[in-house]
Amino acid sequence: MGFSIALIVFSLLLMLLVLMHKGKGGGLSDMFGGGMQSSVGGSSVAERNLDRITVVLGVLWFACIVVLGILMKVNN
């Protein structure tokens, strides 16, 4: 039960983080200022941290799915 709730929370957070990323051609990320070009041309600290958080959350999401699959197989 706990892993099911964790999977729902991780899924919602992952969806939010992906939508916050800077888009290449516009889209939903423009709502958060993602459409503005920076004069430096590199990634800002906030963008790099957002990337890291998204990757960590994606790994946790995947691990939660694997654990749920193993639990379902053991319970049957």
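How each quantity is defined
- Residues numbered from 1 in each chain as written.
- Predicted model: local features only at pLDDT ≥ 70, side-chain atom pairs only at ≥ 80, totals over all residues.
- Heavy atoms only, no water.
- Helix = DSSP H or I, 4+ residues; strand = E, 2+ residues; numbered from the N terminus.
- Buried < 20%, exposed > 50% of the residue type's maximum accessible area, 1.4 Å probe, protein only.
- Contact = heavy atoms within 4.5 Å.
- Areas by Shrake-Rupley, 256 points an atom, 1.4 Å probe, with all protein chains shown as cover.
- Core = buried A, V, L, I, M, F, W, Y, C linked by side-chain atoms within 4.5 Å.
- Axes fitted to C-alpha atoms, helices over the stretch in contact; angles between N-to-C directions.
- Parallel < 35°, antiparallel > 145°, perpendicular 65-115°, else oblique.
- Left-handed = near helix turned anticlockwise from the far one by under 90°.
- Nonpolar A, V, L, I, M, F, W, Y, C, P; charged D, E, K, R; others polar.
- Expected span 1.5 Å × (residues − 1).
- Arc of directions from axis to C-beta.

Caption draft 1: Up close: the overall build of the protein chain. Looking only at helices and strands, the protein chain has two helices and zero strands in total. Residues counted as buried form 14% of the 76 residues belonging to the protein chain. Taking the intrachain contacts of the protein chain between residues at least 6 apart in sequence as the baseline, contacts between residues at least 24 apart amount to 75%. As displayed, the protein chain has an accessible area near 5900 Å², and 73% of this comes from carbon and sulfur atoms.

Caption draft 2: Just the nonpolar core, in detail. Counting residues in hydrophobic clusters, the biggest one holds eight residues: L7, F10, L14, L17, L50, L57, C64 and L68. Those elements giving two or more residues to this core turn out to be α1 (2-20) and α2 (45-75).

Caption draft 3: Just the packing of α1 against α2, in detail. Close contact between α1 and α2 brings their axes to 9 Å; oriented N to C, the two are set at 150°. Taken as axis vectors, α1 and α2 run roughly antiparallel relative to one another. At the point where α1 passes α2, the crossing takes the left-handed sense. Contact residues: F3, S4, A6, L7, F10, S11, L13, L14, L17, V18 and M20 in α1; L50, I53, T54, L57, G58, L60, W61, C64, I65, V67, L68 and L71 in α2. Counted by class, the contact of α1 with α2 contains 19 nonpolar, four polar and no charged residues.

Caption draft 4: Fine view of α1. Taking 1.5 Å per residue as the helical rise, α1 with its 19 residues ought to reach 27 Å, and the 27 Å between its terminal C-alpha atoms agrees with that figure. Regarding α1, the residues found buried are L7, F10, L14 and L17. Looking down the long axis of α1, one finds its buried residues gathered within 100° of arc, a one-sided arrangement. Away from its buried face, by an angle of more than 90 degrees, α1 presents the exposed residues I8, L12 and M15. Check the buried side of α1 and you find it contacts α2.

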